[in-house]
Amino acid sequence: MRLIYGKMPLFWLYHFMTEYLLIVVGTVWVNNIVLSQFLGLCPFMGVSRKLETAMGMGLATTFVLTLSSISSYLVFEYLLQPFALEYLRTISFILVIAAIVGFTELVIHKTSPVLHNVLGIYLPLITTNCAVLGVALLNTQKSHGFLESALYGFGSAIGFTLVLVLFAAMRERLAAADVPKAFQGNAIAMITAGLMALAFMGFTGLIKAT
Amino acid sequence: MIAAILVLTGLALLFGLILGYASVRFKVEGDPIADKIDSLLPQTQCGQCGYPGCRPYAEALAKGEAPINLCPPGGETTMLALADLLDVEPLELDEEANKQPEVPEVAFIIEEDCIGCTLCIQACPVDAIVGSAKHIHTVIESECTGCKLCLPPCPVDCIIMKPLKISPNNWKWKPPHSIEKDYPVIPSSTESELEESV
């Protein structure tokens, strides 16, 4: 293979790009962290009442998820594996995530106090967002490399933000809609989320299993 | 076993150091939201919102304890800017706050009755009252904002509100009428019909 790549550098680039593009497309649409893996449902229901809050939450989660998947990869690869401590990965990943969330909160409080006020309790709650820990664990399970881990985390976060923003936009419209009394409030939100998950199943055919 | 303890302790120590550094580096001084609100307020310190000045009102707003529609000097512009900053729904201006006297008024001390208790001096947000203990006080007309905050503390009720005499020194252009007031978008007849149908 190295011989072929050496003679055809563009083909190597092509292979390189498709592999990483596949991870991003796969995590955003096909294996969406919320709608097909059902991780991170609490902020998905909790922060989706207003579009602007949803965007802020998406941004914060994107930052935390990307950073935490990179650093949990580093911790796993260079700290846990050399000492044969793989069984400690859950607790050390939680440590990593908590530290990054704390750091993010400090930075947001300094740079954008209004966003800090709007996100409120949901910002520290990213620590317990199962999507963050889930992505870190999936990275080790699939034995991703450094760039793969970073892209997997980033793609998942983009998928999370996309779904959260779409859902928030729908809920804003639903607030004005004439919903039957029995379905008002969270009930119609649950049904909407279910329908969204059904719609996202349509993306499954996007990538052929090879 | 020892390796596990060391690894976890080291990890916790490292993150603790990073967070400790970050909390010093990104330290927030005071209340940044109150600062932002304070810069939007007109800084007349008139006290018509019920707080002793613009800064206390800004702090109450930042805590979410006060509605955004209490500032008459700022009017609708300030209220909309506050609604935008705090991400809340715009409110109608408070009726009491919105009610402007026809003619601007200033406080006036009936000097025969004044006992020189200095209570009104302490109440005045703009330091428009001069006088000292057991001496007659008086109001500096050009400094008075007409906020009426000096009226309640006076024990002998010797402060009254007087219409401000318009002189070449304090005359101002009348503010232009808003278009909506002169030409309503919905004619009054259809508006009442709409209300009936609802």
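This one's a predicted model, so the numbers in the text were calculated from it and none came from an experiment.

(A) A look at the interface of chain B and chain A. The interface of chain B with chain A comprises 17 residues on the first partner and 19 residues on the second. Take the side of chain B that touches chain A: its biggest share by element is 11 residues, from helix H1 (residues 2-25) of chain B. Partitioned by chemical class, the residues of the side of chain B that touches chain A number 15 nonpolar, 1 polar and 1 charged.

(B) Spatial organisation of helix H4 (residues 75-86) of chain B. Residue and element names in this part refer to chain B. The end-to-end C-alpha distance of H4 is 17 Å, a good match for the 16 Å that 12 residues give at a rise of 1.5 Å each. Those residues of H4 not exposed but buried are Thr 78, Met 79 and Leu 82. Seen end-on, H4 carries its buried residues on one side only, within an arc spanning 100°. Summarising the geometry of H4, the exposed residues directed more than 90 degrees from the buried face are Thr 77 and Asp 84. Downstream of H4 by one or two residues, Asp 87 has phi in the positive range, about 60°.

(C) Structural context of the confidence of the model for chain B. Residue and element names in this part refer to chain B. The pLDDT averaged across chain B works out to 79; a share of 82% of its residues lies at or above 70. The element-level mean pLDDT for chain B is lowest in helix H8 (residues 188-197), coming to 48, with H1 highest at 91. Here residues 184-194 scores under 50 on pLDDT; set against residues more than four positions off or in separate chains, the count is 2 contacts. Taken over the whole predicted complex, pTM reads 0.64, whereas the ipTM for its chain interfaces reads 0.73.

(D) Structural detail: the environment of Leu82(B). Residue and element names in this part refer to chain B. Among the structural elements, Leu 82 can be located in helix H4. The class of Leu 82 is buried, set by 24 C-beta atoms lying within 10 Å. With 45 residues separating them along the chain, Leu 82 and Ile 37 place their C-alpha atoms 7.0 Å apart. Those residues in contact with Leu 82, other than ones at most four positions away along the chain, are Ile 37, Leu 40, Leu 61 and Ile 68.

Reading the values: the criteria
- Residues numbered from 1 in each chain as written.
- Chains lettered and ligands numbered in written order.
- Predicted model: local features only at pLDDT ≥ 70, side-chain atom pairs only at ≥ 80, totals over all residues.
- Contact = placed C-beta atoms within 7 Å.
- Helix = DSSP H or I, 4+ residues; strand = E, 2+ residues; numbered from the N terminus.
- Nonpolar A, V, L, I, M, F, W, Y, C, P; charged D, E, K, R; others polar.
- Expected span 1.5 Å × (residues − 1).
- Buried ≥ 20, exposed ≤ 12 C-beta atoms within 10 Å, placed from the backbone.
- Arc of directions from axis to C-beta.
- pLDDT = per-residue confidence, 0-100.

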